Amino acid sequence: MQVRASNPLTLAKVSCIVFGIRFMTSFAIGLEDFSSLRQAVPDHVMIGAAIPELLLEDDRVSSLVGREFATITAENEMKPQSLQPRRGQFNWGPADRIIAFAEAHDIVVIGHTLVWHNQSPSWMFEDEQGKPLPREVALQNMKEHITTVMQRYKGKIKGWDVVNEAVPDGPGALRDTPALRAIGDDYVLKAFEFAHEADPDAELYYNDYNIELDYKRDRALALVKRIRDAGLRIDGVGIQGHYLLDQPSIEEIARGIKAYTDAGFRVMITELDVDPLPRQENVGADLSAVERDAADPYREGFPEPMQQKLAERYRSLFEVFLQNPRITRITFWGTTDAYTWLKNFPVRNRTNHPMLWDRKANPKPAYHAVRQTLLKYRDPNQQIVK
Ligand code: GLA
């Protein structure tokens, strides 16, 4: 239809409509711009999630990951047991598919993990009788693993958790592991040395749980300082961040993180989740029906007051994380409540609700609390580039 320029009323109407559409579109774009975690996050932080390869077949959740997160970590697919179950026999498929997904969605990949006492094949550090291999053989196995894996993914993985969980919960500087028994107490330093040789461009991290807590902090700090003092590259300390609803206290977490950043380290929160289910002492034992009911109280759904408690816990954690400019990444260990290891830990087969999205991938109050907190710490002049 032609607009008759001579009719001022029609012109006014048209301009109103055009202005209205423009206004509504810019308003819609404005909201849209901040509608995901990766868009809401302040510039100095990256927001991520751990995903299993299986998730890539779930269109709803994989598109959620593409929309919400700027980094991903493979939940199991890059661990030594997954990549090299037998000496010299590498299984790349699942890890490759996770990387291809990340590339297709402009997502940065974090490598997890090169040396760990769990989910690692025994041949690397032990003989067939379970005795420690000679130091030189174990060093060679470790070096070959690190070198082959890091060189394959050079340029595709931003940084690696080189060593995971080397500090014991009890006394002592290093956990008693097959690597320690075969190589000796410089095995962590050797792992960092080999990793830097394998890919000089990759960032290298030390990753562990509870190392921000008073009982473990000084020993972990001593270890990362030892790596740095040896002149080796270490780009950050990964604090896993598997928390409960009311433990540990926010003050202890904040104090612990500050100890690392005050010592000059960057910190990444690498495996964040908040478990709202009760923790019991005898977690390994078979549970009676009554015990099971008490251990699994939200099978029929997660009540509103609990939703709010979870949201507030996440809000206070993000307040701590975002106030510290040396925290450069926050990664959730999972995505929706359907994809969380906490369904099976520490008790198998429970209905758990630790994540920001429910089982149907709908955002929970915890999601909104996190997004609001991210926006609160965002520089208003920050460009939207993601
Ligand atoms: C540890 C490991 C992770 C993962 C989680 C729980 O924290 O670093 O790879 O196994 O436990 O599943």
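Please read these numbers as outputs of a predicted model, since none were measured by experiment. Every residue gets a number counted from 1 within its own chain, in the order that chain's sequence is written. Whole-chain, interface and lining totals are the exception, using all residues; otherwise, since this is a predicted model, local features are given only for residues with pLDDT of at least 70 and side-chain atom pairs are given and counted only at 80 or more. Note: side-chain values were computed over all heavy atoms of the structure, leaving out hydrogens and water.

Topic: the overall build of the chain
Here is step 1 of the chain: Comment: elements are numbered from the N terminus, with helices defined as DSSP H or I runs of at least four residues and strands as E runs of at least two. A tally of helices and strands in the chain yields 13 helices and nine strands.
Here is step 2 of the chain: Residue burial is assigned from relative accessible area. The probe radius is 1.4 Å, only protein chains are included, and a residue is buried under 20% of its type maximum, exposed over 50%, and partly exposed in between. Looking at the chain residue by residue over its 386 residues, the buried ones come to 51%.
Here is step 3 of the chain: It only takes one pair of heavy atoms within 4.5 Å for two residues to be counted as in contact. Considering only contacts within the chain whose residues lie at least 6 apart along the sequence, 77% involve residues at least 24 apart.
Here is step 4 of the chain: Surface summary for the chain: the accessible area is close to 18,000 Å², and the carbon and sulfur share equals 53%. What sets the accessible areas is the Shrake-Rupley method with a 1.4 Å probe; for residues, cover comes only from the shown protein chains.

Some words on the site of the ligand
Here is step 1 of the chain: Put simply, a residue is near a molecule or strand once any heavy atom of it comes within 4 Å of that molecule or strand. Within the structure, the ligand sits among Lys79, His112, Trp116, Gln119, Asn164, Glu165, Gln240, His242, Glu271, Trp333 and Trp341.
Here is step 2 of the chain: Side-chain atoms alone can form a polar contact between residues adjacent in sequence; in general such a contact is a pair of N or O atoms within 3.5 Å, and within protein one must be able to donate a hydrogen while the other accepts it. Taking His112, its side chain carries an N or O atom lying 2.6 Å from an oxygen atom of the ligand.
Here is step 3 of the chain: At a separation of 2.5 Å, an oxygen atom of the ligand approaches a polar side-chain atom of Glu271.

Topic: the nonpolar core
If you look at soluble globular proteins, the nonpolar side chains tend to sit buried side by side.
Here is step 1 of the chain: Within the largest apolar cluster, 105 residues are counted, with the highest numbers of intra-cluster contacts made by Phe318 and Phe321.
Here is step 2 of the chain: Sorting elements by how many residues they give to this core places helix 12 (residues 304-323) first, with nine residues.
Here is step 3 of the chain: The residues contacting Phe318, other than those within four sequence positions of it, are Ile47, Leu272, Ile330, Phe332, Val370, Thr373 and Leu374. Joining through side-chain atoms within 4.5 Å is the link that ties buried Ala, Val, Leu, Ile, Met, Phe, Trp, Tyr and Cys residues into a set, and such a set is a nonpolar core.

Some thoughts on the confidence of the model for the chain
Here is step 1 of the chain: Summary of the metric used: pLDDT quantifies the predictor's per-residue confidence within the range 0 to 100. For the chain, per-residue confidence averages 91 on the pLDDT scale, and 89% of positions sit at 70 or higher.
Here is step 2 of the chain: This model gives residues 1-12 a pLDDT under 50, and the stretch forms three contacts once residues within four places in sequence are excluded.
Here is step 3 of the chain: In the predicted structure, residues 18-32 sits below a pLDDT of 50 and forms one contact with residues beyond four places in sequence or in another chain.

Considerations on helix 5 (residues 93-104)
Here is step 1 of the chain: Expected span of a helix, by definition, is 1.5 Å for each gap between consecutive residues, and there is one gap fewer than residues. End to end, helix 5 covers 16 Å across twelve residues, agreeing with the expected 16 Å (1.5 Å per residue, within 8%).
Here is step 2 of the chain: Turning to helix 5, its buried residues number three or more, namely Pro94, Ala95, Ile98, Ile99, Phe101 and Ala102. The buried side chains of helix 5 occupy one side of the element, clustering within an arc of 155° when seen end-on.
Here is step 3 of the chain: Buried residues belonging to helix 5 abut strand 1 (46-51), helix 3 (59-68), strand 2 (71-74), helix 4 (80-83), strand 3 (108-115) and strand 4 (157-164).
Here is step 4 of the chain: The first or second residue beyond helix 5 is Asp106, which carries a positive phi of 60°. Here the arc refers to the directions that run from the helix axis out to each C-beta atom.

A few points about the pattern of salt bridges
Here is step 1 of the chain: Whenever Lys or Arg places a side-chain nitrogen within 4 Å of a carboxyl oxygen from Asp or Glu, that contact is recorded as a salt bridge. Taken as a whole and judged by the stated rule, the model has 29 salt bridges.
Here is step 2 of the chain: Arg97 serves as the salt-bridge partner of Glu53, at 2.5 Å between the closest nitrogen and oxygen. Linking Glu53 in the loop between strand 1 and helix 3 with Arg97 in helix 5, this pair joins segments that are 44 residues apart in sequence.
Here is step 3 of the chain: Across the pair Asp262 and Lys258 runs a salt bridge whose closest N-O atoms are separated by 2.7 Å. One end of the pair, Asp262, and the other, Lys258, are both in helix 10 (residues 250-262), four residues apart, so they sit about a helical turn from each other.
Here is step 4 of the chain: Of the residues examined, Lys258 reaches a relative accessible area of 46% and is grouped as partly exposed.
Here is step 5 of the chain: Overlapping salt bridges bring together Asp214, Arg217, Asp218 and Arg255 as one network.

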